[in-house]
Structures are given as structure tokens and as C-alpha cells.
Amino acid sequence: MNKWVLPLCWTAVLLDGFDLVVLGTVIPVLLQERVLTTASASAVSTAGLVGMMLGALVIGTITDVIGRRKVMIFAVAGFSAFTLACAFAQDAAVFGVLRFLAGLGLGGCLPTAIALVNEARPRQGGRATTLIMTGYHVGAVITALLGIVLIPDLGWRSLFVAGALPALVLVPLMVKHLPETVARRAPAREAVGSLFKPGLRRATLAFWVASFMGLLLVYGLNTWLPQIMRSAGYELGTALALLLTLNIGAVAGLLIAGAVADRIGIRPAGIGWFAGAVVFLALLSVKLPGAGVYVAVFLAGCFVFSAQVLVYAYAGRVYEENRATGIGWAAGIGRLGAISGPLLGGALLTAGLAHPWGFYAFAVVAALGAVAVTAVGPRAKSVVPHTG
């Protein structure tokens, strides 16, 4: 294994973690300063997620056709440039367009990174995937911390400048050290069509549903948790600290989930992690005293985010050929869930129902995710596509 693959992919995924949390961190300030309304905040969030969906679908497929190195470099560079531009947005319309363009680049990073690491460590699919996905939540934790430190003195725009800076180091390192993979030379249409060949049809649809449910939870919670907690009576500082706690729990959960998945199997681990998410999301509907709310949020983070990552790990195991296409389409269709999560949270907040009914709704979504992982079936297998 090239020693640069893991750290470079981990850092690229860290940028995805930044994007996951950045809106949740700045939205309370944007609403307070009347830069955005609740409705326009939901629209801006949706624009970025639509970009990520299209990026995952298109770029995830292209990387199987033309190779992974070029895709990763351009995806990271594009995301970073448009994220920097967000710092200079003056209204909701421009902000939304820039978030869409940044999402196009970022959407291709995740399936490409997971495919690269799975190919580098084929016998450790669970651990390899969860290991690089710790970057996702380390990025989220760093962003939450930066929000606490930067926003009071430098304003919300400083957070988007900070999110663009890693590319100054990451892109040159990728150009120098990231190895190229062998392109499959199959047309993109055949790469996508292979996902529905015998042995994979049900699994493909089940992965899409599971990813939809998982990303609905991930983005719904990270976008609106601070505001939901504020509606429940918590101060802004506490609400942001709970967002930080949620993502610290996610990192801890990933470190455990990968080892468990490699030991007992990715499928049963995925089912179990979604089931755990049901329990702790439902628990958050109760206003817990003192440290109790931090413990509950930490445990919810342990299960919610690892459940989604185990969906990717499971897809990486099933799609031995056209791995990035399979993961990219699962991630891309899942972005519809990522769009739905913030819309659901925004609708519940607007109606004054976010606490406790928002957590009941999220618990139901997690239960549907467990059903979808079960539906993949233990005997799902990859079919090598015809390449002519």
C-alpha cells in the first residue's frame, strides 16, 4: 500500500466533515443577523446537497472510467475554491449558488476516497472505511471548535476562509504523491448498469434506501441540532457544545464500529448500529438534566454516524468491481436524504414541533435504515461488468 493513500484520503474526507457542520454552526448567527431566514437557510442547505448528490453520481462513476487520481485532485481544488468564495457572498441567492458549486466537487471526494482505501486494504473493508471516515468527524469537530473560537471575534465569514485553507497543502501533496489507479475502460453507462445485474438488483436498491435514511439523520442533526436545542431552552453556547459532543461521539463510534464489523460482519454490525441510533435518538426527546444530555448526544453520535459509514463499507465489500460507481450512487441517492433532513428539521422548527417530535421522527428514520440494511441480503455479490 502506498503510504500516502490513507492520509491523503483521510484529509479529503475531513473537508467533507467541515461541510457537514459548517451550516449548522453559522445558521444561528445568520438568522440572528438576518442574513438568512429559516426558509432561505433551508434553501441554501438544499442547494449544497443537490450539488453533492450530482457530484457523487457523476464523479463517482467517472472515477471508475478514467481513474481516481485526477478526480480527487480536481474535486478537492473545486470544493475549496468555491468554499472560499462563500466568505464573500452578500445574499442568499449567491450563497446558494456557491454552495451548489462547492458541493459538486465535494460530492466526488467521498466515493473516490473510500474506493481508493478499500483497494489498498481489501481484507479490512470495515476498518479501512471507518478509519478514513474518522476524518469526516474530526473535520466536523474542528469546524465546531473553530465556530466557537472564530465567530464571536471575526464573524461567520471567517469560517469559510478557514475551510478553504487546507487545499493549499493538500492539493500539491496529491499531485505529487497520490497514485493513479487502472481505469476500467468500460463506458459509464455499463458501469452504472452493472449495479442492476443478477445478484445485485435488490442489494443496490437496499443500499440506496439505507444511505437515504442514514444521510437524512447525519445532515438533519448536524444542520439543526443547535437550533433544536435552543428551542428546547438551551443557551447558544450549550447548543454548539452539544453539536461538538455529537461529532466527538461519532469519532468514538467509528473506531469501535470498524473493529466490530470486521469481527462479526458488516451486515449485522450495520443493522445493530442503526438499532442503537433508534434508542438514543428517542432518548433525546426527553429534556435530560445536567450531564445527562451530553451523554445521550454522545451516544447518539456513536451510533447515527457509524451506521451510515457501515453502509458505505458494506457497499464497498459487495461491489468488488466498479466500487466507486456503487459507492458513488449509494452516496448520491443518499444525498436526497441529506436534502430531506434539513428540510424536515426546518419544517418542524417553523411549526414549533422540533422538540420533542423531531427526535421521534429521526428515530423512525433510523429504524427504516436498519430494515434496509437487512434487505441487502447476506448473499449479495458483485458481478464483473462486460468491458468488451
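Model, not experiment: these values are computed from the prediction.

Attention shifts here to the overall build of the protein chain. The helix and strand inventory of the protein chain stands at 14 helices and zero strands. What you see in the protein chain, going N to C, is helices and strands ordered as α-α-α-α-α-α-α-α-α-α-α-α-α-α. Computed over the C-alpha atoms, the radius of gyration of the protein chain is 19 Å, within 12% of the 21 Å expected from 2.2 N^0.38 for a compact globule of 388 residues. In terms of overall dimensions, the protein chain has a C-alpha envelope of 60 × 40 × 35 Å along the principal axes.

When pLDDT drops low, the exact placement of atoms in the prediction is not to be read closely. Within the protein chain, residue pLDDT values average 84, and 93% of them lie at 70 or more. Element-level mean pLDDT values for the protein chain span from 73 in helix α8 (residues 188-193) up to 93 in helix α11 (residues 266-283). Per-residue pLDDT stays below 50 along residues 382-388; that stretch engages in 19 contacts with residues further than four places along the chain or on separate chains.

When you line up the elements, Val13 lands in helix α1 (residues 5-32). Among the residues examined, Val13 registers a relative accessible area of 1% and is labelled buried. C-alpha separation for the pair Val13 and Val76, spaced 63 residues apart in sequence, amounts to 9.7 Å. Not counting residues up to four positions away in its chain, the partners in contact with Val13 are Leu110, Ala113, Ile132, Met133, Gly135 and Tyr136.

This next bit is on the nonpolar core. Ranked by size, the top nonpolar core spans 132 residues in total, and within it Phe95, Met133, Met174, Phe207, Met229 and Leu281 carry the most contacts. With 16 residues, the top contributor of residues to this core is helix α9 (residues 201-231). Taken domain by domain, this core gets at least three of its residues from each of domain 1 (1-184) and domain 2 (186-382). Setting aside chain neighbours within four positions, we find Met133 in contact with Val13, Leu110, Ile114, Leu254 and Val309.

Rules of the game
Residues numbered from 1 in each chain as written. Predicted model: local features only at pLDDT ≥ 70, side-chain atom pairs only at ≥ 80, totals over all residues. Heavy atoms only, no water. Helix = DSSP H or I, 4+ residues; strand = E, 2+ residues; numbered from the N terminus. Rg over C-alpha atoms; globule rule 2.2 N^0.38 Å. pLDDT = per-residue confidence, 0-100. Contact = heavy atoms within 4.5 Å. Buried < 20%, exposed > 50% of the residue type's maximum accessible area, 1.4 Å probe, protein only. Core = buried A, V, L, I, M, F, W, Y, C linked by side-chain atoms within 4.5 Å. Domains from an automatic or database assignment.

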